Amino acid sequence: TGDGIFIDLVGGNVIEGNFIGTLDGASSRSNLNGGIVAQAGGNMIGGDTLGARNVIAGNTNQAGIRLQPKHTNGVVQADASGTVVKGNLIGTTASGLASLPNGNGIQVNVANVVIGGLASVEERNVIAGNANNGIATNATTFDPDGNGPAPTVVVTTPEQLKVYGNYIGIKADG
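From a predicted model like this one, the values you see are computed outputs, not experimental measurements.

Caption draft 1: Summary view of the overall build of the chain. Along its length, the chain carries 0 helices and 19 strands. When each of the 174 residues of the chain is scored for burial, the buried share is 43%. The contacts of the chain with a sequence gap of at least 6 include a subset with a gap of at least 24, amounting to 78%. Approximately 7800 Å² of the chain is accessible, and the part contributed by carbon and sulfur atoms is 50%.

So this is what it looks like as structure tokens:
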């Protein structure tokens, strides 16, 4: 399929307790464009209980989670700012002990994103086993009409991205 979950213009969504890119938490059922693609803000992906945990894995050609702006005719309509990602298994099987890779674990192209948490161990994301980066942040250009050169540059700066308490590059058992 295209995206496992696609969030377009309306934010404030809660995504919890899902297998995305895998049917059973052990084998890949890749989504073509990514596991979760969010273009609207204020979403909660995962949560602070084990039941809220998503297994986001097996999206081999794209990111497990991609947080980005929504452009129409070169104008930003919305973006995934204010999204919180916590308590998930990203790039691993449901046990968190074996690799089931995405391209990147999480691709962040917007500001004010929180990944993980410190209040409890359940807020920890396990981000491991991905083919490229665990968390990728960068400046990207976007050509809204395909006629080049790209007029829109989206920059994510370290002050706007908060990463707390995660296991990155290691299994769930540390």
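From this point, the narrative continues.
Caption draft 2: Quick peek at the environment of Val163. Within the fold, Val163 resides in strand 18 (residues 161-164). With 78 residues separating them in the primary sequence, Val163 and Val85 have C-alpha atoms 9.5 Å apart. Beyond its immediate stretch of four places on either side in the chain, Val163 contacts Ile115, Ile135 and Ile168.

Caption draft 3: Structural view of the packing of aromatic side chains. Tallying each qualifying case throughout the model produces 0 aromatic pairs. Sitting above the plane of the Tyr167 ring, Arg124 keeps its charged end 3.9 Å from the centroid.

Caption draft 4: Examining the side chain of Asn43 more closely. Counting through the fold element by element, Asn43 comes out in the loop between strand 4 (34-38) and strand 5 (44-46). Residue classification places Asn43 among the buried positions, given a relative accessible area of 2%. Within the structure, Asn43 has its side chain in polar contact with the backbone oxygen of Ala40 (distance 2.5 Å). A distance of 3.4 Å separates a polar atom in the side chain of Asn43 from a polar atom in the side chain of Thr83.

Caption draft 5: Highlighting the nonpolar core. Formed by 20 residues in total, the largest nonpolar core has its most connected members in Ile45, Ile65, Leu67, Val85, Ile106 and Ile115. Elements supplying a minimum of two residues to this core: strand 4, strand 7 (65-67), strand 12 (106-108) and strand 13 (113-116). When neighbours within four sequence positions are excluded, Ile106 is seen to be in contact with Ile65, Val85, Ile90, Ile115, Ile127, Gly134, Ile135 and Ala136. Counting 6 residues, the second-largest nonpolar core is a separate cluster that includes Ala57, Leu89, Val126 and Ala128.

Caption draft 6: Expanded view of the pattern of salt bridges. Tallied over the full model, the rule gives 2 salt bridges. A salt bridge links Asp8 to Lys70; the shortest N-O distance between them is 3.3 Å. Of this pair, Asp8 sits in the loop between strand 1 (3-7) and strand 2 (14-15) while Lys70 sits in strand 8 (residues 69-72), placing them 62 residues apart in sequence. What makes Asp8 partly exposed here is its relative accessible area of 27%. Relative accessible area serves as the criterion here: at 19%, Lys70 is assigned to the buried category. The residue Lys86 makes a salt bridge to Glu123 at a minimum N-O spacing of 3.2 Å. A residue pair is termed long-range when its members are at least 10 positions apart, and Lys86 in strand 10 (residues 84-86) and Glu123 in the loop between strand 13 and strand 14 (126-127) qualify at 37 residues.

Caption draft 7: Inspection of the environment of Gly117 at higher detail. Tracing the backbone through its elements, the reader meets Gly117 in the loop between strand 13 and strand 14. Given a relative accessible area of 9%, Gly117 falls into the buried group. Residues Gly117 and Asp48, 69 residues apart in the sequence, show an inter-C-alpha distance of 8.6 Å. Apart from the residues within four sequence positions on either side, Gly117 is in contact with Glu123, Tyr164 and Gly165.

Conventions and cut-offs
Residues numbered from 1 in each chain as written. Predicted model: local features only at pLDDT ≥ 70, side-chain atom pairs only at ≥ 80, totals over all residues. Heavy atoms only, no water. Helix = DSSP H or I, 4+ residues; strand = E, 2+ residues; numbered from the N terminus. Buried < 20%, exposed > 50% of the residue type's maximum accessible area, 1.4 Å probe, protein only. Contact = heavy atoms within 4.5 Å. Areas by Shrake-Rupley, 256 points an atom, 1.4 Å probe, with all protein chains shown as cover. Phe/Tyr/Trp six-rings, centres within 6.5 Å; stacked < 30°, edge-to-face > 60°. Lys NZ or Arg CZ within 6 Å of the ring centre and 35° of its normal. Polar contact = N/O pair within 3.5 Å; in protein donor to acceptor, adjacent residues only side chain to side chain. Core = buried A, V, L, I, M, F, W, Y, C linked by side-chain atoms within 4.5 Å. Salt bridge = Lys/Arg side-chain N within 4 Å of Asp/Glu carboxyl O.

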